[in-house]
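Given next are the chains, with one letter for each unit.
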Amino acid sequence: LVRQLTGCDRVYAIAFGEGARHLHLHLIPRFGDDPATAAWLIADYYRAVERGERPAADPASVSTFVDRARSLVDSLGGFA
């Protein structure tokens, strides 16, 4: 789903596990031409966003992405 929506090369599943006692995964798109999204560097990317050194995702873009993901999942019959 993430690859189809973003056109990324890979998708990393990362669990930071600091805030809650449950399984919570972040699905992170990895783009081969963006070294900041490579392997363990993705955590540094998150920290840079938190410190304001890199821009956070635009809320309208996130909303559009979520809407597209929901539509795609619905068109496939939902999750089993």
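Everything numeric in this text was worked out from a predicted model, so none of it was measured. (Residues numbered from 1 in each chain as written. Predicted model: local features only at pLDDT ≥ 70, side-chain atom pairs only at ≥ 80, totals over all residues. Heavy atoms only, no water.)

Draft legend 1. Region of interest: the environment of H24. Residue position: H24 is located in the loop between β1 (10–14) and β2 (26–30). The class of H24 is partly exposed, set by a relative accessible area of 44%. It is 22 Å that separates the C-alpha atoms of H24 and S71, two residues lying 47 residues apart in sequence. Filtering out sequence-adjacent residues up to four positions away, H24 remains in contact with I14 and A15. (Helix = DSSP H or I, 4+ residues; strand = E, 2+ residues; numbered from the N terminus. Buried < 20%, exposed > 50% of the residue type's maximum accessible area, 1.4 Å probe, protein only. Contact = heavy atoms within 4.5 Å.)

Draft legend 2. Broad picture of the pattern of salt bridges. Scanning all chains against the criterion turns up two salt bridges. Two residues, R47 and D44, come together in a salt bridge whose shortest N-O distance is 2.8 Å. On the criterion of helical spacing, the pair formed by R47 and D44 is a turn pair, its members being three residues apart in helix α2 (residues 41–50). Between R51 and E53 there is a salt bridge; the shortest N-O distance is 2.9 Å. (Salt bridge = Lys/Arg side-chain N within 4 Å of Asp/Glu carboxyl O.)

Note that all results are geometric; they support no functional claim without further evidence.
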